Amino acid sequence: TEIYTLSLHDALPISPHQGRPAGQASAVDPGRQRQVVEAFLGALRDGDFEALVAVLDPDVLLRDDSAGLPGGASLMRGARAVGAHALGFSRSAKFVEPALVDGAVGLAIVPQGRLMGALGFTFSGGKITEIDMISAPERLREVDLAAPGP
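Keep in mind it's a predicted model, so treat the numbers as computed, not measured. (Residues numbered from 1 in each chain as written. Predicted model: local features only at pLDDT ≥ 70, side-chain atom pairs only at ≥ 80, totals over all residues. Heavy atoms only, no water.)

Visitor: Looking at this structure, I do not really get the pattern of salt bridges. What am I missing?
Guide: Where charged atoms of side chains with opposite charge meet at close range, the side chains can pair. Inspection of every chain in the model, using the stated rule, returns 4 salt bridges. A salt bridge links R80 to E50, with the shortest nitrogen-to-oxygen separation between them at 3.6 Å. With R80 in helix α3 (residues 79-87) and E50 in helix α2 (residues 49-54), the pair connects residues that are 30 residues apart, well separated along the chain. Residue R80 is classed as exposed on the basis of its relative accessible area of 51%. (Salt bridge = Lys/Arg side-chain N within 4 Å of Asp/Glu carboxyl O. Helix = DSSP H or I, 4+ residues; strand = E, 2+ residues; numbered from the N terminus. Buried < 20%, exposed > 50% of the residue type's maximum accessible area, 1.4 Å probe, protein only.)

Visitor: Please clarify how the confidence of the model for the chain should be interpreted in this entry.
Guide: If pLDDT is low for a region, its predicted coordinates should not be looked at in detail. Per-residue confidence for the chain gives a mean pLDDT of 76; residues scoring 70 or more make up 72%. The least confident element of the chain is strand β1 (residues 4-8), whose mean pLDDT is 39; the most confident is α2, at 97. Taken as a whole, residues 1-25 scores under 50 in pLDDT and shows 77 contacts with residues more than four places along the chain or in a different chain. Confidence over residues 145-150 falls short of pLDDT 50; this stretch has 11 contacts with residues more than four positions distant or in other chains. (pLDDT = per-residue confidence, 0-100. Contact = heavy atoms within 4.5 Å.)

Visitor: How do you make sense of the nonpolar core when you look at a structure like this?
Guide: One recurring pattern in soluble globular proteins is that nonpolar side chains are buried together. One finds F40, L56, L107, F121, I128 and I131 to be the most contacted residues of the largest nonpolar core, which totals 26 residues. Secondary-structure elements contributing two or more residues to this core are α1 (30-46), α2, β2 (56-64), α3, β5 (104-109), β6 (117-124) and β7 (127-134). The element best represented in this core is α1, accounting for 6 residues. (Core = buried A, V, L, I, M, F, W, Y, C linked by side-chain atoms within 4.5 Å.)

Visitor: Can you help me understand α1 in this one?
Guide: Given 3.6 residues to a turn, an α-helix orients residues that are three or four positions apart in the same direction. Compared with the 24 Å implied by 1.5 Å per residue over 17 residues, the 24 Å span of α1 between its first and last C-alpha is a close match. Inspection of α1 places Q33, V36, V37, F40, L41, A43 and L44 among the buried residues, and these make up the whole buried set. For α1, the angular spread of buried residues about the axis comes to 160 degrees, placing them on one side. Residue D29 occupies the N-cap position of α1, its side-chain oxygen lying 2.8 Å from the main-chain nitrogen of G31. Within two residues after α1, G47 carries a phi angle of roughly 70 degrees, on the positive side. (Expected span 1.5 Å × (residues − 1). Arc of directions from axis to C-beta. Polar contact = N/O pair within 3.5 Å; in protein donor to acceptor, adjacent residues only side chain to side chain.)

Below, the structure is given as structure tokens:
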């Protein structure tokens, strides 16, 4: 699997070394972050709700910049609600690839090699505590994709 580097210039202020809002320390090492994101993606591709919920913090917060959540909302909270919403994209998960989002482990949505969205994650205690869905065209225009060096 290829890893892409994404630079999100218009995203929320995120520390490039921690992949979370500035000023908040990460409690999970990058290797563990990668394992959690791979488990999230595997569960999404398999349509496995329980495995998906298992990697989400019970109070996980989902932010969607397109306001594409139910009722036009831009925020959703709770592992079961976020997991159920994510499973709605299970069939599209074949277009999702591991990525580095502002230097932190994340996912890129790249059908036929065209960037359609990105997911940035915040971690604590080995679980995903926040997900930032970035799909608004004005934000995606600022996303740079590059394969990392060897």
